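Tertiary structure, described
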Amino acid sequence: MIRNPIYSLYGIMLLLTAGYGEYSGWSLTRVNEVKNVPRSVRDNPGAYRSVYSGYSHYSGGK
Amino acid sequence: MTSGPAGLVPKVKPLICPNCGGTIDLRGFGQTVNAICGSCQTVLDATTPSLAVLQQFPKRARVVPKIPLGSRGAWHGAPYEAIGFQVREITSGGELFQWAEYLLYNPYRGYRYLTEYDGHWNDVKTLRSTPQVISASVIRYNNADHKVFQNSVARTVFVLGEFPWQVRVGDPVTVRDYVRPPVMISSEQTGSEITWSLGEYVSGAAVWQAFNLKDKPPEVKGIFANQPSPYEGRIGRIWKTCAWLLVLLCLTMVMMALWSRNETVFDQKYAFDSARSGEASFVTPIFELKGHPSAVEVEVDTDLHNNWAGFNFALINEETGTAYDFGKEVSYYNGTDSDGSWSEGSSKASLTVPSVPAGRYYLRVEPEMDAKSGSAMFSTEAMHYEIKVKRDPPSLVFFMIAFFLLFIPPIYVTIKTFKFESRRWAESDFAPVSSSSSSGDDD
């Protein structure tokens, strides 16, 4: 590894990044973060409408 | 610069050309056999007092040596003087290739040669021992095998200066080159006489520095037969490093997987009937997410069959009111047709919410199906499903990305190495590899 210092550094940076990402719970999934959701949602779930509309419906089958 | 033990600079012996009357300087002392007049380029016999004319030319284009004859330089730790110059050519594949040869002389060390082709220089000396012929394409010298590169008939097309052998313009000689970069071993056969020489690739800058020449050395074009690859030895080293990094990656991955909390913090079964009117959304009981900010995985396992369902989720922090909105569709279809049985999708799905801080959370769940899908058409009255929430599940995604990224540099070096060698051997009559990519000039 000493004979390839730049590649070794590159590889270790990759490992550290992957390790830190795993530790911090990085994900490729997109979620929408919404602040200050009222506590009343627990009593009236229908009052909250998710801003998320990320999935596309597929009524597939062959 | 000194030129001998006493530090004396040897003087040249001036002679008169019998053809044109021009002055000829002999620098090779008594060893010169042929001398060429610098004015009319007549080849003269330097062993006769009258300088007998051996070869004459009515009118010839003059080639100017890049190392002027008479130039002295420190080469291999000794002073050498350029005393002879010749241009030789071969025809290969219908193309004419010309290169220059400079004869260097030191009265105590003898002769050496410098050859130049398209800016590529070789430091050449005559071998005193004959290389061992291993096969038609390999010779062995100093316990190292050298591969045959080219077989051709070379002709001298221009000479200047003086030579310790009989030299004539037009003389043919069969040349066979063997390479093991940076070394090239050449055999030159005239009749039954074979002369072996060993050339070592040197930079033009080294030649220019040694002989204190003006301007810059000629620009290097293409890749020469024995030009050392800038990637020499790098393939093995970089793949070895890659292997070490992959081991480290695996160890880190295992450690992180063992270290991850992977805790199921919520697990509940539900049913959904799309035919039923009213608000479909509901909230789950509160569950606690512990530890440092990390991922949360929400998994849905349904009993869907030839149907689909959509789920809108909101993971809501009860204390701060921060919500993470996300959705997932689950669909599973299968059947049988003329091709046999088939299936699409899955009745399970999961989604990972990134970097969720610790706290008390609940899920708002809003399932969705086609109204008719849940009724008689598909003979399904309701969908049953299970929601499972995991805190800090082990994930391989970023390690997998790192895994692939680790391969980029070694693959790049490998491709460049093979490309370099491909271009080198594209010039050979004995190419062991494909030379289809030889036209590039990015090196």
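Residues numbered from 1 in each chain as written. Chains lettered and ligands numbered in written order. Predicted model: local features only at pLDDT ≥ 70, side-chain atom pairs only at ≥ 80, totals over all residues. Heavy atoms only, no water.

On to the overall build of chain A, then. The helix and strand inventory of chain A stands at one helix and one strand. Put simply, chain A has 62 residues, and 35% of those count as buried. Counting only carbon and sulfur atoms, one obtains 58% of the accessible surface of chain A, whose full area is about 4,200 Å². (Helix = DSSP H or I, 4+ residues; strand = E, 2+ residues; numbered from the N terminus. Buried < 20%, exposed > 50% of the residue type's maximum accessible area, 1.4 Å probe, protein only. Areas by Shrake-Rupley, 256 points an atom, 1.4 Å probe, with all protein chains shown as cover.)

Looking now at the side chain of Thr-156 of chain B. Residues and elements named next belong to chain B. Counting through the fold element by element, Thr-156 comes out in strand S13 (residues 144–163). Engagement of the side chain of Thr-156 in a polar contact is seen with the side chain of Gln-86, the distance being 3.3 Å. Contact partners of Thr-156, with chain neighbours within four places excluded, come to Gln-86, Val-87, Arg-88, Arg-168, Val-169, Gly-170 and Asp-171. (Polar contact = N/O pair within 3.5 Å; in protein donor to acceptor, adjacent residues only side chain to side chain. Contact = heavy atoms within 4.5 Å.)

With that settled, consider the interface of chain A and chain B. The figure often quoted for interface size is the accessible area lost as the parts come together. Between chain A and chain B, the contact holds 45 residues from the first and 72 residues from the second. Summing both partners gives a buried area of about 4,900 Å² for chain A against chain B, and 60% of it is carried by carbon and sulfur. In this structure, the connection of chain A to chain B is made through zero salt bridges. In this assembly, chain A and chain B are joined by 20 residue pairs in polar contact (both at pLDDT 80 or more). Per-element tally for the side of chain A that touches chain B: the top contributor is helix H1 (residues 5–24) of chain A, with twelve residues. For the side of chain A that touches chain B, the class distribution of residues is 20 nonpolar, 17 polar and eight charged. Relative to strand S22 (residues 323–337) of chain B, strand S1 (residues 32–34) of chain A is paired through three bridges, and the arrangement is antiparallel. When the sheet's bridge partners are listed, Asn-32 of chain A is paired in S22 of chain B with Asp-325 of chain B. (Buried area = accessible area lost by both parts, 1.4 Å probe. Salt bridge = Lys/Arg side-chain N within 4 Å of Asp/Glu carboxyl O. Nonpolar A, V, L, I, M, F, W, Y, C, P; charged D, E, K, R; others polar. Pairing = 2+ DSSP bridges.)

Bringing the pattern of salt bridges into the picture now. Residue and element names in this part refer to chain B. Under the counting rule described, the total for this entry stands at eleven salt bridges over all chains. Between Arg-88 and Glu-101 there is a salt bridge whose closest N-O contact spans 3.0 Å. Separated by 13 residues along the polypeptide, Arg-88 in strand S7 (residues 78–92) and Glu-101 in strand S8 (residues 95–106) bring together distant segments of the chain. Of the residues examined, Glu-101 reaches a relative accessible area of 10% and is grouped as buried. The partner of Asp-123 in a salt bridge is Arg-112, with the nearest N and O atoms 3.0 Å apart. Within this pair, whereas Asp-123 is found in strand S10 (residues 120–126), its partner Arg-112 is found in strand S9 (residues 110–117), the two being separated by eleven residues in sequence. Note on accessibility: Asp-123 and Arg-112 belong to one class, buried. The network of salt bridges with shared partners includes Arg-88, Glu-101 and Glu-188.

A few words on the layout of surface pockets. Residues and elements named next belong to chain B. In this structure, the second largest pocket encloses a volume near 360 Å³. For the second largest pocket, the lining is made up of 15 residues, of which Lys-147, Arg-180, Pro-181, Glu-232 and Glu-421 are closest to its centre. Mapped by element, the contributors of at least two residues to the lining of the second largest pocket are S13, strand S14 (172–180) and helix H3 (397–426). With four residues, H3 is the largest single contributor of residues to the lining of the second largest pocket. Grouping the amino acids of the lining of the second largest pocket by side-chain chemistry returns six nonpolar, three polar and six charged. Lining the lining of the second largest pocket are residues from two domains, each supplying at least three of them: domain 1 (13–210) and domain 2 (234–255 + 398–438). (1 Å grid on protein atoms, 1.4 Å probe; cavity = no way out; pocket = protein on both sides within 12 Å on 5 of 7 lines; lining within 4 Å. Points joined across faces, edges and corners; volume = space filled by probe spheres on them. Domains from an automatic or database assignment.)

Further remarks concern H3 of chain B. Counted at 1.5 Å a residue, the expected span for H3 of chain B with its 30 residues is 44 Å, and the 43 Å between its end C-alpha atoms agrees. At Pro-409 of chain B, H3 of chain B shows its maximal bend, which comes to roughly 25 degrees. (Expected span 1.5 Å × (residues − 1). Bend = angle between axes of the 7 residues up to and from the residue.)

With that settled, consider the environment of Gly-278 of chain B. Residues and elements named next belong to chain B. The residue Gly-278 is located in the loop between strand S17 (263–272) and strand S18 (282–283) in this model. Judged by relative accessible area, Gly-278 falls into the exposed class, the value being 66%. Taking C-alpha positions, Gly-278 is 78 Å from Ala-431, a pair spaced 153 residues apart along the chain.

The subject of this paragraph is the packing of aromatic side chains. Both the distance between ring centres and the angle between the ring planes are used here to describe each pair of aromatic rings. In the structure shown here, the tally under the stated rule is 25 aromatic pairs over all chains. With centroids separated by 6.1 Å and ring planes inclined at 25 degrees, the aromatic side chains of Tyr-7 of chain A and Tyr-10 of chain A adopt a geometry described as stacked. Note that Tyr-7 of chain A and Tyr-10 of chain A are positioned in helix H1 at a spacing of three residues, about one turn of the helix. With a relative accessible area of 6%, Tyr-7 of chain A lands in the buried category. Between the aromatic rings of Tyr-20 of chain A and Trp-26 of chain A, the centroid separation amounts to 5.7 Å while the plane-to-plane angle is 80 degrees, which identifies the pairing as edge-to-face. Site record: aromatic cluster; members linked through ring pairs are Tyr-270, Phe-282, Phe-311, Phe-313, Phe-326 and Tyr-385 of chain B. Over the ring of Tyr-362 of chain B we find Arg-42 of chain A, and its NZ or CZ is 4.6 Å from the ring centre. (Phe/Tyr/Trp six-rings, centres within 6.5 Å; stacked < 30°, edge-to-face > 60°. Lys NZ or Arg CZ within 6 Å of the ring centre and 35° of its normal.)

Moving on, we get to the sheet that holds strand S26 (residues 383–391) of chain B. Residue and element names in this part refer to chain B. Taken in spatial order, the four strands of this open sheet run S17-S26-S20-S24, and their pairing is antiparallel. This sheet does not close on itself; its edge strands, each paired only once, are S17 and strand S24 (348–356). Adjacent strand axes in the sheet meet at a mean angle of 15 degrees when their direction is disregarded. Sheet topology note: the strand S20 (residues 294–302)/S24 ladder contains seven bridges and is antiparallel. What sits directly across from Val-300, in S24, is Ala-349. (Axes fitted to C-alpha atoms, helices over the stretch in contact; angles between N-to-C directions.)

This next bit is on unusual backbone geometry. With an omega of 10 degrees, the peptide bond between Pro-181 of chain B and Pro-182 of chain B qualifies as cis. Even without being a glycine, Asn-36 of chain A presents a positive backbone phi close to 55 degrees. When you line up the elements, Asn-36 of chain A lands in the segment after S1. Even without a glycine there, the phi angle at Asn-212 of chain B is positive, about 50 degrees. Assignment of secondary structure puts Asn-212 of chain B in the loop between helix H1 (204–210) and helix H2 (234–259).

This next bit is on the nonpolar core. Considering soluble globular proteins, one finds that nonpolar side chains tend to be buried as a cluster. All names here are of chain B. In this structure, Ile-67, Trp-75, Leu-114, Trp-121, Val-207 and Phe-211 are the most contacted members of the largest nonpolar core, which totals 33 residues. Those elements that provide at least two residues to this core are S7, S8, S9, S10, S13 and H1. Other than its neighbours up to four places away in sequence, Ile-67 contacts Ala-82, Tyr-102, Leu-114, Trp-121, Val-207, Phe-211 and Leu-213. Judged by nonpolar contacts, the second largest core, of 30 residues, contains Val-265, Val-298, Ala-349 and Val-353. (Core = buried A, V, L, I, M, F, W, Y, C linked by side-chain atoms within 4.5 Å.)

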